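Observations on the three-dimensional arrangement
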Amino acid sequence: MNDIDIRKADFTNLKALQVVSRETFIETFAESNSDENMAQYVEASFNDDKLTNELQNKNSQFYIAWDENIALGYLKLNTALAQTEEQDTNALEIERIYVKSAYLGKKVGQLLLNKALDTAVQQANTYVWLGVWEKNLRAIKFYEKNGFEAFDKHIFKMGDDEQTDIMMRKEL
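Anyway, here's the lowdown on the structure attached to this text. No experiment lies behind these values; they were computed from the predicted model shown. (Residues numbered from 1 in each chain as written. Predicted model: local features only at pLDDT ≥ 70, side-chain atom pairs only at ≥ 80, totals over all residues. Heavy atoms only, no water.)

1. What about the packing of aromatic side chains?
If you walk through the whole model with that rule in mind, you get 12 aromatic pairs. Between F25 and F29 the ring centres are 4.8 Å apart and the planes differ by 50°, which places this aromatic pair in the tilted class. On the criterion of helical spacing, the pair formed by F25 and F29 is a turn pair, its members being 4 residues apart in helix 1 (residues 14-29). We note that F25, like F29, is buried. One aromatic cluster is present, formed by F25, F29, Y41, F46, F62, Y74, Y98, W133 and F156 through successive ring pairs. (Phe/Tyr/Trp six-rings, centres within 6.5 Å; stacked < 30°, edge-to-face > 60°. Helix = DSSP H or I, 4+ residues; strand = E, 2+ residues; numbered from the N terminus. Buried < 20%, exposed > 50% of the residue type's maximum accessible area, 1.4 Å probe, protein only.)

2. Some words on unusual backbone geometry
The phi angle at E68 is positive, at roughly 55°, despite the residue not being glycine. Along the polypeptide, E68 turns up in the loop between strand 2 (60-67) and strand 3 (70-78). Its relative accessible area of 57% is what places E68 among the exposed residues. One non-glycine residue, A80, adopts positive backbone phi at about 50°. Note on placement: A80 falls in the loop between strand 3 and strand 4 (91-99).

3. Regarding the pattern of salt bridges
Inspection of every chain in the model, using the stated rule, returns 10 salt bridges. A salt bridge links D48 to K15, with the nearest nitrogen and oxygen atoms 3.0 Å apart. A residue pair is termed long-range when its members are at least 10 positions apart, and D48 in helix 3 (residues 48-56) and K15 in helix 1 qualify at 33 residues. When its relative accessible area of 33% is taken as the criterion, D48 is described as partly exposed. Residue classification places K15 among the partly exposed residues on the basis of a relative accessible area of 48%. The partner of R96 in a salt bridge is E95, with the nearest N and O atoms 3.7 Å apart. Judged by its relative accessible area of 23%, E95 is partly exposed. Connected through shared salt-bridge partners, K50, E54, K76, E95 and R96 make up one network. (Salt bridge = Lys/Arg side-chain N within 4 Å of Asp/Glu carboxyl O.)

4. Let's talk about the sheet that holds strand 3
With mixed pairing, 7 strands are arranged side by side in an open sheet as 1-2-3-4-5-7-6. The sheet is open, and its two edges are formed by strand 1 (5-8) and strand 6 (149-158), each paired on a single side. Put simply, the sheet's adjacent strands are angled 30° from each other on average, direction ignored. Of the strand pairs in this sheet, strand 2 and strand 3 are connected by 8 bridges, and their pairing is antiparallel. What sits directly across from W66, in strand 3, is A71. Contacts between helix 1 and the sheet are confined to strand 2, strand 3, strand 4, strand 5 (127-133) and strand 6, with strand 3 contributing the most and set at about 90° to the helix. (Pairing = 2+ DSSP bridges. Axes fitted to C-alpha atoms, helices over the stretch in contact; angles between N-to-C directions. Contact = heavy atoms within 4.5 Å.)

5. Overview of the packing of helix 1 against helix 2 (residues 35-45)
Two numbers describe how helix 1 lies on helix 2: the axes approach to 11 Å, and their chain directions differ by 155°. For the element pair helix 1 / helix 2, the angle class is roughly antiparallel. Where helix 1 crosses over helix 2, the handedness of that crossing is right-handed. Side by side, helix 1 and helix 2 meet where R22, F25, I26 and F29 of the first sit next to M38, Y41, V42 and E43 of the second. Grouping the constituent residues of the contact of helix 1 with helix 2 by class yields 6 nonpolar, no polar and 2 charged. (Parallel < 35°, antiparallel > 145°, perpendicular 65-115°, else oblique. Left-handed = near helix turned anticlockwise from the far one by under 90°. Nonpolar A, V, L, I, M, F, W, Y, C, P; charged D, E, K, R; others polar.)

Encoded structure:
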C-alpha cells in the first residue's frame, strides 16, 4: 500500500463517494441487519440526490482516504444546523467514518479521525462528537483509545429496527 492521501471530496468525487459509502456501510452492518432494512437504508442514504445535497451543504464536509485511485474509506463532518442532533454551535460532529474491511487495522481510520480532529481545531470547535452503534465494539474501543467518552444515547432507525447508538465526545 502506498501513502494514503486524505482529500476533501466535491462533486467530481460523487460516484467514488457513493461507491465507498455503500460498500463500507454494507460491510460494517449487513451481518447484523435484515436484507430489507439494509437495502432501504442504503438506497435512502447514499443515492445521488441525497449525497449531492449533503455535498452542497455549507455546514458539511466529506473527505476520502485514497491509495492512488482507490477509495479506502471516508469521513463526513457536520457543524451548526447540519448536525444530526442538536448540540453546541461550537461542536463538530463526525456523522460518518467508515473504512473498507480490507483496510481495517492499517491506520486508515486513524488518519480519517485525525483529519476530523485537525478540522475541529482549525475551526475552533470546543469538542467533537459522534454516535456509534452499541454493538459495534471495535469502533467503541477505537474511539475510547482516542479519548472519546460516552455522554448520552439516541435511537438510530435502520429500516423498521430501532437501534441504540452511544453518543461519544472528545473535548478539545
